[in-house]
Amino acid sequence: MTLQQLRYAIGIADNPSFNKAAEKLYVSQPSLTAAIHELEDEVGITIFNRTSRGVSLTSDGEEFIAYARDLYGHYEALLNLYGKNGKRRQRFSVSTQHYSFAVKSFVEMAKKFGSDEYDLAISETKTRDVITDVSNLKSEIGILYLSDFNRKVISDLLDAKDCEFHKLVNCKAYVYLWKKHPLAQKKFITFKELEPYPCLSFDQGDGSAEYYAEEILSTKEYSRTIKANDRATMLNLMIGLNGYTLCSGIICEELNGSDFIAVPFRDPAASKDVMEVGFITKKNMMLSTLGAYYIQELKKYLGVEEK
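Treat the numbers as computed from the prediction; the structure is a model and nothing was measured. (Residues numbered from 1 in each chain as written. Predicted model: local features only at pLDDT ≥ 70, side-chain atom pairs only at ≥ 80, totals over all residues. Heavy atoms only, no water.)

Asks: Describe the pairing of strand 1 (residues 48–51), and please don't skip the residues or the numbers.
Replies: Taken together, the four bridges between strand 1 and strand 2 (residues 54–57) define a ladder with antiparallel strand orientation. Among the inter-strand pairings, T51 is bridged to a residue of strand 2, identified as G54. Between strand 1 and the antiparallel strand that follows it, strand 2, lie two residues. (Pairing = 2+ DSSP bridges. Helix = DSSP H or I, 4+ residues; strand = E, 2+ residues; numbered from the N terminus.)

Pasting the structure below:
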C-alpha cells in the first residue's frame, strides 16, 4: 500500500466518478483504475461500488477511507512542516446544519486566527451528511441539535459512526419569519395561528425520517409544507409566501439581514420541547488548533461560559 494509492482512493471518494477524480488528480483513468484494483486486492476488500451512474463507497470502503484520510492527513502535516517550504499550512473543515451562528463563528475564526496560510472549508448540509463527514474525517467538527424526540436515533447513529456529541446550549422553539409577516408583531405565536401559512423545512433527501429534520416539532401535521435546500431560498420563500420555520432563535442578523425576526413559539402540546444545540467530533480525538479556536468562537457567540 502506497501513499499515492491512498491519495487516489480519497480523491475518488470525494468525486462522483473515476473520470472526474482522474481529472482532479492529474492522472489517466486507466492508471487510476489499475491503482485502485491493486489497492483493493492488497487490503482484501472492495472499497468502491462501480455502476453506470458513478461510484460510491461500500460499507468497508467508508471505514477504510476514514483511516486513509487520517493517515494521509498526518503525511501532509509532516510534509508541510518538513518539506521544501518548511511551513505548516493550517487546515480545518466543519459541516453543519443550516445555522447562521455556525457560519458567523467560522468567519470570526478565519479573521482572527492570524495565520498567513490556511485551507478552510465549511459545508451547510443534511443532518446525516454532517455525521458522515465527521465520521470519515472529511470534517473535524459537525454542528447539529438533539431533542427528546430525535435523541435516541441520532445518538445511536453517532455511536455507530464512532462520534460523540458535546452540548453547547439549550434553546426553546422560535418561529422565524419575515418582519412584514402578518404574525411578526405578536409577542408569541401558536400552532393554530400558523395554520394558514406554509411551514418551511430543509430537505433531508428521499426517504429521510423526521428524526433527521433540522426543525423541532417535525412530527406535527402541517397543512402546508415546502422543502428547500439552502438558507437563501428559505429566506426568499419567507418573503414571497409568508412562510415560516421553527428554529432555535439564535439568529445572526449580520449574515441573514435585518428583514427577518424570531418570535417565541408557545403551544401547550409542545411546551417541553427543547433544542440541545452542540457539536460532534470523532471519539477520543483531540481538536486541532483551528478546531479549538472555532469552538471558542461558537461559545463566545452563544454566550456559553468556559469551564
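On we go.
Asks: Residues and numbers for the pattern of salt bridges, please.
Replies: Applying the stated rule across the entire model yields 13 salt bridges. Residue E276 pairs with R151 through a salt bridge whose shortest N-O separation is 3.0 Å. One end of the pair, E276, is in strand 12 (residues 274–282); the other, R151, is in helix 7 (residues 151–160), and 125 residues separate them in sequence. Using a relative accessible area of 14% as the deciding quantity, one classes E276 as buried. Residues joined in a network through salt bridges with shared partners are K104, E108, K111 and K112. (Salt bridge = Lys/Arg side-chain N within 4 Å of Asp/Glu carboxyl O. Buried < 20%, exposed > 50% of the residue type's maximum accessible area, 1.4 Å probe, protein only.)

Asks: Describe the environment of F48, naming the residues involved and giving the relevant values.
Replies: Among the structural elements, F48 can be located in strand 1. Distance from F48 to D60, taken between C-alpha atoms, is 8.8 Å for residues 12 residues apart in sequence.

Asks: How would you explain the sheet that holds strand 5 (residues 141–146) if you had to name every residue and give the values?
Replies: In spatial order, the strands read 4-3-5-12-6; together these five strands make up an open sheet with mixed pairing. Every other strand in the sheet has two partners, leaving strand 4 (118–124) and strand 6 (163–172) as the edge strands with one partner each. The mean inter-strand angle of the sheet, taken between neighbouring strand axes irrespective of direction, is 20°. By the bridge criterion, nine bridges tie strand 6 to strand 12 in an arrangement that is antiparallel. Bridge assignment links V169 to a residue of strand 12, and that residue is V277. (Axes fitted to C-alpha atoms, helices over the stretch in contact; angles between N-to-C directions.)

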